[in-house]
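# Residue-level structural notes
One letter stands for each residue in the lines below.
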Amino acid sequence: MVSVINTVDTSHEDMIHDAQMDYYGTRLATCSSDRSVKIFDVRNGGQILIADLRGHEGPVWQVAWAHPMYGNILASCSYDRKVIIWKEENGTWEKTHEHTGHDSSVNSVCWAPHDYGLILACGSSDGAISLLTYTGEGQWEVKKINNAHTIGCNAVSWAPAVVPGSLIDQPSGQKPNYIKKFASGGCDNLIKLWKEEEDGQWKEEQKLEAHSDWVRDVAWAPSIGLPTSTIASCSQDGRVFIWTCDDTSGNTWSPKLLHKFSDVVWHVSWSITANILAVSGGDNKVTLWKESVDGQWVCISDVNKGKAQRPTC
Amino acid sequence: MEKMSRVTTALGGSTLTGRTMHCHLDAPANAISVCRDAAQVVVAGRSIFKIYAIEDEQFVEKLNLRVGRKPSLNLSCADVVWHQMDENLLATAATNGVVVTWNLGRPSRNKQDQLFTEHKRTVNKVCFHPTEAHVLLSGSQDGFMKCFDLRRKDSVSTFSGQSESVRDVQFSIRDYFTFASTFENGNVQLWDIRRPDRCERMFTAHNGPVFCCDWHPEDRGWLATGGRDKMVKVWDMTTHRAKEVHCVQTIASVARVKWRPECRHHLATCSMMVDHNIYVWDVRRPFVPAAMFEEHRDVTTGIAWRHPHDPSFLLSGSKDSTLCQHLFRDASQPVERANPEGLCYGLFGDLAFAAKESLVATESGRKPYAGDRRHPIFFKRKLDPAEPFVGLASSALSVFEIEPGSGSMSWFVDTAERYALAGRPLAELCDHNAKVARELGRNQVAQTWTMLRIIYCSPGLASATSLNHSVGKGSSCGLPLMNSFNLKDMAPGLGSETRLDRSKGDTRSDTVLLDSSATLITNEDNEETEGSDVPADYLLGDVEGEEDELYLLDPEHAHPEDPEYVLPQEAFPLRHEIVDTPPGPEHLQDKADSPHVSGSEADAASLAPVDSSFSLLSVSHALHDTRLPPDFFSALVCDMLRFYAEQGDVQMAVSVLIVLGERVRKDIDEQTQEHWYTSYIDLLQRFCLWNVSNQVVKLSTSRAISCLNQASTTLHVNCSHCKRPMSSRGWVCDRCHRCASMCAVCHHVVKGLFVWCQGCSHGGHLQHIMKWLEGSSHCPAGCGHLCEYS
């Protein structure tokens, strides 16, 4: 079912904490405890190191690609309390901005849908979530949601861009009136949904409660053909939940337990068509899940790292 | 070994107990040292010099060594050390350069024993010989190290570092006569205590001052040094040249370093500025601290492991005037918090997965196995397999491919590139797309296309007689002819691209023919946008409304209660492949080939003889008999589209939407359509399928989508004379009141193609300039420039 097409020689000197493919699926960014961020060209099964970005002073936890309409931009966050935004100019990657507004390790970064402009959400162990908005000429405006999650925020994920009503109803030439939303997961075992108010302030819209331990990752499903909103969340307690919201007001979310794993679940990731969910657990195993016709989530394959490593002979 | 076992027995029955705790001191501490019984700790500072007993629950002050009414400068301690063999013996280094020894066994209140006033500046460090009871070493800011025999009144020998201040001195545990000293200029020197004239060895260890060093208690050739350059380096001193074996990068300058007992690769560090935390590092994992103690609110100045054979108790003193005991298990462990896995769903359905490699896997699993792995390239770190797995890590990053059908997106690209969405009759589009889908192994989709074709085309074709109705209205009798012509063309091979193009052209000519004869079609000014509607119209002979009328005119065709209806209805909601359906009875085939079925359908049947089309033919057969109007199915078709969209196959939804055009459009609300379109276009763009994306935008009927192609089409024009932007719409510049872009040859305003020389910026009509250049290479404007055109 699943086969390894490429084992990337990252030459990272320590554990890799995140790997992200870019919009076109041609480049892979990795980050590691060794303080570096590396970018590989992975076209046609190759693996060419394009850039080795150094600038963080601690382990780098996560990386995120911005939409290519803004150029080649990568954000990284680190234990050193910094968020660095890297940009490729004339073939070389350079630091274009450094955000130092957090008092503790920054655990997660996520770019907003490109329709909103360049907006980056950062979740930190200091419990705050900061939102960086590019205002042009190298300036970034910072908004901070303090005490978003007590003890710390582990993950942030934006909702896909949804416009209230049809695009046609918008007066031409004006920017459509988007409702900006994102989800965050934290050490308070909660998933919170945040919504931007009309005055530009961020307000907690929903509190989703089901996990019994730290929420490790949240992933808002891309909305392709789906009228409903779906969020996947995973936690230290080994459980993965699929949250769906069917009503148009967006206020009632119902969880469905996908599976209870025996170990910590670190990551959930949606396929681009949002019909397959990849889940990676503490046992070095990735499982793929798909919703069957009757609404049940079934495991369609295992990617067992450990097994793949073992020689067959 | 002998010595080790002796100490272990000394630890013997009394196991250490305690908890993480702290007590407040009267003043900031500069240094601490633990008694060898692990039950007492001495704290020294500028204005403090006290001994505390470490009890289970708290620190208890036992003795204040600062006695006398007028505290002497000799009591302003920079460093303190407790003798590891004699519980009564202590030594302090004073900021005024005095080295003092203390004897706790003295009966008087003043325990001061001896005073050595030989250094001229602050003494930074004092150190007892590990095995020789009477030997004390000191290192001072004045650049000298002195060795004292406590039985004598003055120093035995003086060592000159020949460089700047001495920051640390430490006796080697391995070699009786050796000690190491570190210097402000970054050097480390190794001395033989018997040879004060010159050092044995010297090397530069750090960039900037080396603040501290510590010999490894077990690997006795190892020396750890910490410097202002934020690094801790571990040196192997047994080799001829000191060899750097490990290097740890910390966040701030390293003030103290202490190997952790019983943990070969662990050491504790603290900093003298910025950072107040104490870190314990695994030197093999130099980027993440293994543990972190965050109790202090100000700079930590002294750290000491409570017992030389117990790894869990760490004592520390700080500028915040507290003395702390840290329990290792209470430490925060950044490694534990760290996410050991990275996971990303790639665009092409591939999965990038980075996972921590356990050492076991590293050692045993390196042989590429003969599975389906295509590029077994591995990254391996050299690690010592004898080591138990402690916390060091490397990650393997693999990219997995998920086989077609489940998540791989190659079908998406292929389908997008090969689907025909417009420019041909509906039946052909459906057939072609069905074929594409079938070739890609997507039988369900293929079947859907075939069904669509049957639903929307067959009745029209079947009612050849009703076509004649429209013929009667003035349509041409050339229709059947065209059909057969088209078919002949299509029959040999649908797959070949040139064929497709040709047939496309044919269709176009057909439409023109139709147009001229029947004038039924009104919107073919652009041959590309005629797309979904035109060919279908031509096949059905008329536009939708009239077609419906036709059926209304034939009441005998409306058999709503016919049991046969059940069949097609079921065929849709089941939504599974009917590949396994056994070949239908022979008579069906006959029926399919019966004259009232169009030739093109027969072709489709012959192209795909075995699989799904058979069972479908039976459906079509039923349709023929009953003549169900396509409207009957529209709800089903819409359901089907929604189903595909929900399955994430928005491609199918949009493709059908475009191909069927008006037939289903009205049944799906505008917003959903828009959403599908935007999703699909976004996907196409991610796959760099710009042409397909543009085609979809063009073919879309939603205004919000088609306006996507009208974005950023503004052209900014500057006046050729005054170089300022032209604001008005005309050809006259507002500012200089002259006509812009005049032709230099004919002196008229150029309203079409304008060419100009980039050297003199004169130019004009393309034809005029070309003609001019045939005769002369000089500028036609007469500026004398030798114009160059590329």
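Just so it is clear, the structure is predicted and the values come from calculations on it, not from any experiment.

Another point: the overall build of chain A. Of regular secondary structure, chain A possesses one helix and 25 strands. Residues classed as buried in chain A amount to 60% of the 313 residues present. Across chain A, the fraction of contacts at a sequence separation of at least 24, relative to all contacts at a separation of at least 6, is 42%. Put simply, chain A shows about 12,000 Å² of open surface, and 45% of that area lies on carbon and sulfur atoms.

Helix and strand counts for chain B come out as 22 helices and 33 strands. Per-residue burial over chain B gives 53% buried out of 790 residues. Within chain B, contacts between residues at least 6 apart in sequence are counted, and of these 51% link residues at least 24 apart. Carbon and sulfur atoms form 52% of the exposed surface of chain B, whose accessible area is close to 35,700 Å².

All names here are of chain A. Looking at where Ser-78 falls in the secondary structure, it is placed in strand β7 (residues 73-78). Owing to a relative accessible area of 0%, Ser-78 belongs among the buried residues under this scheme. Engagement of the side chain of Ser-78 in a polar contact is seen with the backbone oxygen of Pro-59, the distance being 2.9 Å. With residues up to four places along the chain from it excluded, the contact list for Ser-78 reads His-56, Gly-58, Pro-59, Val-60, Trp-61, Ser-105 and Val-106.

Residues and elements named next belong to chain A. The strand order β2-β3-β4-β5 describes an open sheet built from four strands, whose pairing is antiparallel. Edge positions in the sheet fall to β2 (16-21) and β5 (48-54), since each has one partner strand and no second. The average undirected angle you get between the axes of adjacent strands in this sheet is 20°. Sheet topology places β2 next to strand β3 (residues 27-32); five bridges connect them, and they run antiparallel. Among the inter-strand pairings, Met-21 is bridged to a residue of β3, identified as Leu-28.

Turning next to the packing of aromatic side chains. Taken as a whole and assessed by the stated rule, the structure comprises 30 aromatic pairs over all chains. Ring centres of Phe-643 of chain B and Tyr-644 of chain B lie 5.6 Å apart, and the angle between their planes is 65°; on these two criteria the pair is classed as edge-to-face. Judged by relative accessible area, which is 5%, Tyr-644 of chain B ranks as buried. What links up through ring pairs into an aromatic cluster is the set Tyr-116, Trp-158, Phe-182, Trp-194 and Trp-202 of chain A. Looking at Arg-306 of chain B, its charged tip hangs above the ring of Phe-313 of chain B, at a distance of 5.1 Å from the centre.

Turning next to the sheet that holds strand β5 (residues 59-64) of chain B. Residue and element names in this part refer to chain B. Read across the open sheet, the four strands follow the order β2-β3-β4-β5; overall the sheet is antiparallel. Sheet topology places β2 (31-34) and β5 at the edges, where each strand pairs with a single neighbour. Across the sheet, the mean angle separating the axes of adjacent strands is 25° when strand polarity is ignored. Here strand β3 (residues 40-45) runs beside strand β4 (residues 48-54); their pairing, made up of six bridges, is antiparallel. Bridging from a neighbouring strand, Val-42 pairs with Ile-51 of β4.

Once that is clear, we can look at the environment of Lys-120 of chain B. All names here are of chain B. Mapping Lys-120 onto the fold places it in the loop between β9 (112-116) and β10 (123-128). Given a relative accessible area of 71%, Lys-120 falls into the exposed group. Note: C-alpha distance between Lys-120 and Gly-143 (23 residues apart in sequence) is 9.5 Å.

Moving on, we get to the environment of Glu-57 of chain B. Residue and element names in this part refer to chain B. In this fold, Glu-57 is placed in the loop between β4 and β5. Between the alpha carbons of Glu-57 and Thr-17 there is a distance of 9.1 Å; along the sequence they are 40 residues apart. Sequence-distant contacts of Glu-57, that is, excluding residues within four places in its chain, are made with Arg-19 and Met-21. Among the polar contacts made by the side chain of Glu-57, one reaches the side chain of Arg-19 at a distance of 2.8 Å.

Let's shift gears to the confidence of the model for chain A. All names here are of chain A. Predicted confidence across chain A gives a mean pLDDT of 83, with 86% of residues reaching 70 or more. Note on residues 165-173: pLDDT under 50 across the span, and 14 contacts to partners over four residues away in sequence or across chains. Here residues 305-313 is modelled with pLDDT under 50, and outside its nearest four sequence neighbours on either side it reaches 21 contacts, counting other chains as well.

On a regular strand, one side chain projects to one face of the sheet and the next to the other, so that they alternate. All names here are of chain B. With seven of seven residues buried, β4 is to be regarded as a mostly interior element. Burial along β4 is two-sided: the face carrying Ile-48, Lys-50, Tyr-52 and Ile-54 and the face carrying Phe-49, Ile-51 and Ala-53 are both buried. Linking β3 back to β4 in an antiparallel pair, the connection comprises two residues. The turn joining β4 and β5, which pair antiparallel and follow one another in sequence, is formed by four residues.

The next point concerns the pattern of salt bridges. When the charged atoms of two side chains with opposite charge come close together, those side chains can pair. Residues and elements named next belong to chain B. According to the stated counting rule, one finds 33 salt bridges over all chains in the structure shown. For Glu-61, the salt bridge identified is with Lys-50, shortest N-O distance 3.3 Å. Here Lys-50 lies in strand β4 and Glu-61 lies in strand β5, a separation of eleven residues in the sequence. Here Glu-61 falls in the partly exposed class, since its relative accessible area comes to 40%. A salt bridge links Glu-439 to Lys-435; the shortest N-O distance between them is 3.1 Å.

Next up on the list: a nonpolar patch on the surface. Residue and element names in this part refer to chain B. There is a patch of nonpolar side chains on the surface, built from Met-272, Met-273 and Val-274 and spanning about 290 Å² of accessible area. As for its position among the elements, Met-272 is in the loop between β23 (266-271) and β24 (278-282). Since its relative accessible area comes to 33%, Met-272 is described here as partly exposed.

All names here are of chain A. Note: strand β12 (residues 129-136) against strand β13 (residues 139-145), seven bridges, orientation antiparallel. Pairing of Gly-136 across the sheet is with Gln-139, part of β13. Here β12 folds back onto β13, and the loop between the two strands holds two residues, one of which, Glu-137, carries a positive phi near 50°.

Thresholds, definitions, all that
- Residues numbered from 1 in each chain as written.
- Chains lettered and ligands numbered in written order.
- Predicted model: local features only at pLDDT ≥ 70, side-chain atom pairs only at ≥ 80, totals over all residues.
- Heavy atoms only, no water.
- Helix = DSSP H or I, 4+ residues; strand = E, 2+ residues; numbered from the N terminus.
- Buried < 20%, exposed > 50% of the residue type's maximum accessible area, 1.4 Å probe, protein only.
- Contact = heavy atoms within 4.5 Å.
- Areas by Shrake-Rupley, 256 points an atom, 1.4 Å probe, with all protein chains shown as cover.
- Polar contact = N/O pair within 3.5 Å; in protein donor to acceptor, adjacent residues only side chain to side chain.
- Pairing = 2+ DSSP bridges.
- Axes fitted to C-alpha atoms, helices over the stretch in contact; angles between N-to-C directions.
- Phe/Tyr/Trp six-rings, centres within 6.5 Å; stacked < 30°, edge-to-face > 60°.
- Lys NZ or Arg CZ within 6 Å of the ring centre and 35° of its normal.
- pLDDT = per-residue confidence, 0-100.
- Salt bridge = Lys/Arg side-chain N within 4 Å of Asp/Glu carboxyl O.
- Patch = residues over 30% accessible without salt bridge, like charges linked within 9 Å, V, L, I, M, F, W, Y side chains within 5 Å.

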